[in-house]
Amino acid sequence: MKQIKLSSMAVALAGVFMLSAGHSAMADSTEDLVNALVAKGVLTYEEAAPLMKDHDSERAAQEKASKSGGKIKIAEFIDNATLYGDIRVRAEYRDGSGPGTTAGTDVDENRSRDRYKLVFGIKTTAGDFYTDLALAMGAGGRSDNATFGKTTYNDKEAVFIKRAMVGWNATDWLTLEAGRMANPLYTTSMVWDGDLTFEGLTEKAKFKAGSADVFLTASQVQYLGDKKSFPQLPHGGTTSVTNELLAFQGGARFPITDNVSAKAALTYATFTHDSNKSSGIFKPGIDTSTAAGVASVGVNDLNTIEIPAEINFMAANNIGFRVFGDYVNNLSGNDRADAACKAQASACGKGSDDTAWLLGVGLGSAKDLKTFESNKMAKGDWNAKIWYQDVGVYSVDPNAVDSDFMDSRVNMKGVVFKAQYNVRDNVAVNFAAGHATRKNDSLGTAGAGDLALNLKDFDLYQLDLTYSF
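It should be emphasised that the depicted structure is a prediction, and the values quoted were computed from it without experimental measurement.

(A) Quick peek at the overall build of the protein chain. Secondary structure assignment for the protein chain yields 5 helices and 17 strands. Looking at the protein chain residue by residue over its 469 residues, the buried ones come to 42%. Partitioning the intrachain contacts of the protein chain with sequence separation of at least 6 by distance along the chain shows that 67% fall at a separation of at least 24. By element, 59% of the accessible surface of the protein chain is carried by carbon and sulfur atoms, the whole surface being about 24200 Å².

(B) Quick look at the state of the cysteines. Considering all chains together, one arrives at 1 disulfide under this definition. A sulfur-sulfur distance of 1.8 Å marks the disulfide that ties cysteine 341 to cysteine 348. Handedness of the cysteine 341-cysteine 348 disulfide follows from its S-S torsion of about 95°: it is right-handed.

(C) Broad picture of helix H4 (residues 333-343). Within H4 the residues assigned to the buried category are Gly333, Arg336, Ala337, Ala339 and Ala340. The buried side chains of H4 occupy one side of the element, clustering within an arc of 160° when seen end-on. Buried residues in H4 make contact with strand S12 (319-330).

(D) Structural view of unusual backbone geometry. One non-glycine residue, asparagine 318, lies in positive phi territory at about 55°. Of note, asparagine 318 is situated in the loop between strand S11 (303-314) and S12. Its identity as a non-glycine residue notwithstanding, serine 408 has a phi of 60°, on the positive side. Inspection of the secondary structure puts serine 408 in the loop between strand S14 (382-391) and strand S15 (412-424).

(E) Quick look at the environment of alanine 337. In this fold, alanine 337 is placed in helix H4. Spatially, the C-alpha atoms of alanine 337 and tyrosine 394 are 6.7 Å apart, while their sequence positions differ by 57 residues. Alanine 337 has contacts with Gly351, Ser352 and Tyr394, leaving out every residue within four places of it along the chain.

(F) Geometry of the pattern of salt bridges. This model, assessed by the stated rule, comprises 23 salt bridges. Its salt-bridge partner being arginine 90, residue glutamate 92 comes within 3.9 Å of it at the nearest N-O pair. By relative accessible area, which is 3% here, glutamate 92 ends up buried. Classification of arginine 90 by relative accessible area gives buried; the value is 7%. One salt bridge in this structure joins arginine 111 and aspartate 450, with 3.8 Å as the shortest N-O distance. Pair noted here: arginine 111 is in strand S2 (residues 106-126) and aspartate 450 is in the loop between strand S16 (427-438) and strand S17 (457-468), with a separation of 339 residues, a long-range link. Taken together, the salt bridges that share partners define one network made up of Arg90, Glu92, Arg94, Arg111, Arg113, Asp404, Asp407, Arg409, Asp450 and Asp464.

(G) Spotlight on the environment of cysteine 348. Along the polypeptide, cysteine 348 turns up in the loop between H4 and strand S13 (355-365). Measuring from C-alpha to C-alpha, the distance between cysteine 348 and leucine 443 comes to 9.9 Å, with 95 residues separating the pair along the chain.

(H) Here's a closer look at the packing of aromatic side chains. All chains considered together, the criterion is met by 10 aromatic pairs. Both rings, one in phenylalanine 313 and one in phenylalanine 321, keep their centres 5.4 Å apart while their planes meet at 15°; by these two values the pair is stacked. A residue is classified by how much of its surface remains accessible, and phenylalanine 313, at 30% relative accessible area, is partly exposed. Using a relative accessible area of 30% as the deciding quantity, one classes phenylalanine 321 as partly exposed. Seen from their ring centres, tryptophan 357 and tyrosine 388 are 5.5 Å apart, and the 40° between their planes marks the pair as tilted. A residue pair is termed long-range when its members are at least 10 positions apart, and tryptophan 357 in strand S13 and tyrosine 388 in strand S14 qualify at 31 residues. A relative accessible area of 34% means that tryptophan 357 is categorised as partly exposed. A residue is classified by how much of its surface remains accessible, and tyrosine 388, at 31% relative accessible area, is partly exposed. The ring of phenylalanine 282 has arginine 336 sitting right over it, with the charged end atom 4.1 Å from the ring centre.

(I) The arrangement of the environment of threonine 270 in detail. Mapped onto the secondary structure, threonine 270 falls in strand S10 (residues 260-271). Judged by relative accessible area, threonine 270 falls into the buried class, the value being 12%. As a C-alpha pair, threonine 270 and asparagine 330 span 60 residues in sequence and 9.6 Å in three-dimensional space. Those residues in contact with threonine 270, other than ones at most four positions away along the chain, are Glu244, Leu245, Leu246, Leu302 and Asn303. A polar contact is formed between the side chain of threonine 270 and the side chain of asparagine 303, at a distance of 2.3 Å.

(J) Focus on the side chain of glutamate 244. With respect to the helices and strands, the residue glutamate 244 is situated in strand S9 (residues 243-257). Not counting residues within four places of it along the chain, the set of residues in contact with glutamate 244 comprises Val221, Gln222, Tyr223, Lys227, Thr270, Phe271 and Thr272.

(K) Representation of the pairing of strand S7 (residues 197-209). The pairing of strand S6 (residues 174-182) with S7 spans 9 bridges and is antiparallel. Across the sheet, residue arginine 180 finds its bridge partner in S7, namely glutamate 199. Of the strand pairs in this sheet, S7 and strand S8 (residues 212-223) are connected by 10 bridges, and their pairing is antiparallel. Looking across to S8, one finds that threonine 202 is bridged to serine 219. Hairpin remark: S7 followed by S8, antiparallel, with 2 residues in the connecting loop; positive phi at glycine 210, about 70°.

(L) Representation of the confidence of the model for the protein chain in the model. Looking at the protein chain, pLDDT values average 87 and 85% of them are 70 or higher. Contacts for the low-pLDDT stretch residues 1-27, under 50 throughout, to residues beyond four places or in other chains number 24 contacts.

(M) Region of interest: the side chain of threonine 202. Mapped onto the secondary structure, threonine 202 falls in strand S7. A polar contact of 2.8 Å, which involves the side chain of threonine 202, links it to the side chain of serine 219.

Analysis parameters
- Residues numbered from 1 in each chain as written.
- Predicted model: local features only at pLDDT ≥ 70, side-chain atom pairs only at ≥ 80, totals over all residues.
- Heavy atoms only, no water.
- Helix = DSSP H or I, 4+ residues; strand = E, 2+ residues; numbered from the N terminus.
- Buried < 20%, exposed > 50% of the residue type's maximum accessible area, 1.4 Å probe, protein only.
- Contact = heavy atoms within 4.5 Å.
- Areas by Shrake-Rupley, 256 points an atom, 1.4 Å probe, with all protein chains shown as cover.
- Disulfide = S-S within 2.5 Å.
- Arc of directions from axis to C-beta.
- Salt bridge = Lys/Arg side-chain N within 4 Å of Asp/Glu carboxyl O.
- Phe/Tyr/Trp six-rings, centres within 6.5 Å; stacked < 30°, edge-to-face > 60°.
- Lys NZ or Arg CZ within 6 Å of the ring centre and 35° of its normal.
- Polar contact = N/O pair within 3.5 Å; in protein donor to acceptor, adjacent residues only side chain to side chain.
- Pairing = 2+ DSSP bridges.
- pLDDT = per-residue confidence, 0-100.

Structure (structure tokens):
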């Protein structure tokens, strides 16, 4: 009998360990089995106790792991930490034409390159505080890309700080952020490149007004600066005053019906210390110059009003449609043109175009209106959009406009098409194409683009594969 009991115990132990190693949903079955073996005399209470103790400990650990939901624990005072990012591979072709070194002749320039991009970040929350830290490649503010074979074979790429922000949910309607943060404004790429970040302070308020979701944003952003002063020093010194961008936006989302919504905002942006700019006075260059201008990135005399807007609606078969646009007027456009004339005589009398506008349409698949509005896409989803934009030479900051489809230039007009298909929830294929021409033929296409020419026309094609995590 002794031998039979030992064999039974061995079988029972094996069964218990196998069940204990299974999913937490089998916990009750394990407990029932041990109790049944005790009731039939196969195990004594003394023999069953250690098994139940081990089982209870493992179940507690499983429940704790289940409740954590895969959250990363950094410290006891951190409530939650989330890793995120994406890897993108791109094939790109740029082509443009402009004045050559021989008077009266134009030359062509094209650039074909394969590129890749990495963004890796972590977000944390601790009570009513939160952070966003992200690393990315690309030293330029308007591009996170690196080019294949850029220097020596298999050279390592540098990684830079893309965001380093601390936020505070001061109340249920007011949020404060400080550091290097994502662009907090509702805007378009005609005015702000999507890779650009803000460095400084931002205050954001959100609340309900009837059925509308109202948002108010104010940003005080450092722009080319290091505040320092040398007053009354015997050895002298050069005083430098930080130039800052101040932006104020108010807007709202309006639910018109269950399947139709509208969103619009009014933004005012200005630069401080206008007359003390280290980047100099904006000079757009002229139509026959071989380059875009010797000082085509100055931000003097920029006080802009921007009005971005969109209407979204869902049709049958989960297809969403969007009409969107943006309008900008530089209230100091005439002053900007006059300053350019004084600094560059060849720019005199050639217009003071101080407006920019964009109008486009889009469509795509989505399960509901809010998903379509947020551009959240799952496996099998697709979207496409096309727009036309017209950017006056004195209308917006040439340092902030999109670096792709107008080659980081102002005084350009043209059309852009983009399409995306999601192979998986986190894997997307994108195709984009754009064509642009010079708007004011008397002045240059000012800015700091990838092509060296003072562009008369420009074409861009991109094919992307993006893996998000």
